[in-house]
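Here are the chains, one letter per residue:
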Amino acid sequence: MRAGRDPAAVRLVAVSKGRPPGRVAEAVRAGATRLGENRVQELVSKRPLFGPEVEWHFIGRLQTNKVRPLLAGPVALIHSLDRPALAEALDREARRLGRVQPVLVQVNVSGETTKAGLAPGELLPFLRWAAALGGLRVLGLMTIAPPVADPEAARPHFRRLAELREEAAGAGIPGLRMEHLSMGMSGDYPVAVEEGATLVRVGAAIFEEGEPLGG
Ligand SMILES: *Cc1c(COP(=O)(O)O)cnc(C)c1O
């Protein structure tokens, strides 16, 4: 592949938000094994329609009062942990259920004021604290690049996230496993893969253009 990386090292999250269950089922039959949703209500209503062949990924802004319904069923990975109050709510609910919830920490690399995510300077202290919470397993970082026409414009943001992962991995934080970089969407995922993405979150390119699925 163009990025010269092992294709098995990059996993596809098929973003099924807003797509009707019939279309999602088609994608699953075509090989999608990870589905991404950004609203709890929608994930919760689709979750019972599929069996354990599907992993659910939550990729949107998460309100603390939605933590309970979200964790009432399996959630393979929450990509969007972006603040201490949410970490506390997830930790509390996961421990109540006797589970350990895998999460990624969302970083606002581009510094857009409207965007969720921790500032890069807040990341290490947050990771140090969150990695010690018994109900969470922090597995990496996530970012959303600003929407622009030229995918190359996203490259510095993806590169910065990869650097932050290296820094965090080298910080000697007990319990932290910096396995994943969740970055890249329909418009920019090839660039994200070149910069080290392990999870790409692709919606439109799958559901609107019918690209072949894999990974
Ligand atoms: C919608 C969404 C995606 C997928 O976007 P596409 O442009 O449809 O590929 C990826 N990540 C997040 C956080 C989203 O909300």
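Described below are features of the structure shown in this document. Because the structure is a prediction, the values reported are computed rather than measured. The residue numbering used here restarts from 1 in each chain and proceeds along that chain's sequence as written. Reporting of local features is limited, given that this is a predicted model, to residues whose pLDDT is at least 70; pairs of side-chain atoms are given and counted only at 80 or more, and all residues count toward the totals for whole chains, interfaces and linings. Neither water nor hydrogens contribute to the side-chain values; these are computed over all heavy atoms in the structure.

Observations regarding the overall build of the protein chain
Step number 1: Per the secondary structure count, the protein chain includes 8 helices and 8 strands.
Step number 2: Its C-alpha atoms give the protein chain a radius of gyration of 16 Å, near enough to 17 Å, the size a compact globule of 215 residues would have.
Step number 3: In this description, contact between two residues means that some pair of their heavy atoms is separated by no more than 4.5 Å. Pairs at least 24 residues apart make up 58% of the contacts formed inside the protein chain by residues separated by at least 6 positions.
Step number 4: Here the open area of atoms and residues is found with the Shrake-Rupley method and a 1.4 Å probe, where only the protein chains shown may cover a residue. For the protein chain, the computed accessible surface area is about 9,900 Å², with 53% contributed by carbon and sulfur atoms.
Step number 5: We treat Lys and Arg as the positive residues and Asp and Glu as the negative residues; His and chain ends play no part in the count. Working definition for charges: the position is that of NZ of Lys, CZ of Arg, CG of Asp or CD of Glu. Taking the average place of the 28 positive charges on the side chains of the protein chain and the average place of its 24 negative ones, the gap between the two points comes to 6 Å. The helix and strand labels rest on DSSP assignments: H or I over at least four residues marks a helix, E over at least two residues marks a strand, and numbering proceeds from the N terminus. Using C-alpha atoms as the atom set, the radius of gyration is obtained and then compared with a globule rule of 2.2 Å times the number of residues to the power 0.38.

Section: the site of the ligand
Step number 1: Around the ligand sit Val15, Lys17, Ile59, Ile144, Met185, Ser186, Arg201, Val202, Gly203 and Ala204, and that is every residue in its neighbourhood.
Step number 2: By the criterion applied in these results, polar contacts are pairs of N or O atoms within 3.5 Å in which, for protein atoms, one can donate a hydrogen and the other can accept it, and in which residues neighboring in sequence qualify only through two side-chain atoms. Between Arg201 and the ligand, the recorded distance is 2.9 Å, taken from a side-chain N or O atom to a nitrogen atom.
Step number 3: In isolation the ligand offers 390 Å² of accessible surface; the protein chains occlude 83% of this area.
Step number 4: Of the residues that constitute the shell around the ligand, the class distribution is 6 nonpolar, 2 polar and 2 charged. Any residue with a non-hydrogen atom lying within 4 Å of a molecule or strand is treated as near it. Polar here means any residue other than Ala, Val, Leu, Ile, Met, Phe, Trp, Tyr, Cys and Pro, which are nonpolar, and Asp, Glu, Lys and Arg, which are charged; Gly is therefore polar.

Observations concerning the environment of Phe58
Step number 1: With respect to the helices, strands and loops of the structure, Phe58 is situated in strand E3 (residues 55-58).
Step number 2: Burial classes follow relative accessibility: with a 1.4 Å probe on protein chains only, a residue under 20% of its type's maximum area counts as buried, one over 50% as exposed, and anything between as partly exposed. When its relative accessible area of 0% is taken as the criterion, Phe58 is described as buried.
Step number 3: Along the chain, Phe58 and Ala76 lie 18 residues apart, while their C-alpha atoms are 8.3 Å from each other.
Step number 4: When residues no more than four places from it in sequence are discounted, the contact partners of Phe58 are Glu37, Asn38, Arg39, Val40, Leu43, Leu70, Val75, Leu77, Ile78, His79 and Ser80.

Some remarks on the pattern of salt bridges
Step number 1: Here, a salt bridge means any side-chain nitrogen of Lys or Arg that lies within 4 Å of a carboxyl oxygen of Asp or Glu. Applying the stated criterion across every chain yields a total of 16 salt bridges.
Step number 2: Between Glu194 and Arg155 there is a salt bridge whose closest N-O contact spans 2.7 Å. Separated by 39 residues along the polypeptide, Glu194 in helix H7 (residues 189-194) and Arg155 in helix H6 (residues 155-169) bring together distant segments of the chain.
Step number 3: Classification of Glu194 as partly exposed rests on a relative accessible area of 25%.
Step number 4: When its relative accessible area of 16% is taken as the criterion, Arg155 is described as buried.
Step number 5: In this structure, Arg159 and Glu195 form a salt bridge, with 2.8 Å as the shortest nitrogen-oxygen distance. One end of the pair, Arg159, is in helix H6; the other, Glu195, is in the loop between H7 and strand E8 (199-202), and 36 residues separate them in sequence.
Step number 6: Taking the relative accessible area as the measure of exposure, Arg159 reaches 42% and is therefore partly exposed.
Step number 7: Overlapping salt bridges bring together Glu152, Arg155, Arg159, Glu194 and Glu195 as one network.

Some thoughts on helix H5 (residues 120-130)
Step number 1: Listed in full, the buried residues belonging to H5 are Leu123, Phe126, Leu127 and Ala130. Take H5 and look down its axis: the buried residues cluster within an arc of 105 degrees, on one side only. Away from its buried face, by an angle of more than 90 degrees, H5 presents the exposed residues Gly121 and Pro125.
Step number 2: Looking at the packing, one finds that the buried side of H5 touches strand E4 (77-81), helix H4 (84-96), strand E5 (101-106), strand E6 (136-142) and H6. The arc under discussion is defined with respect to the helix axis, by the directions toward the C-beta atoms.

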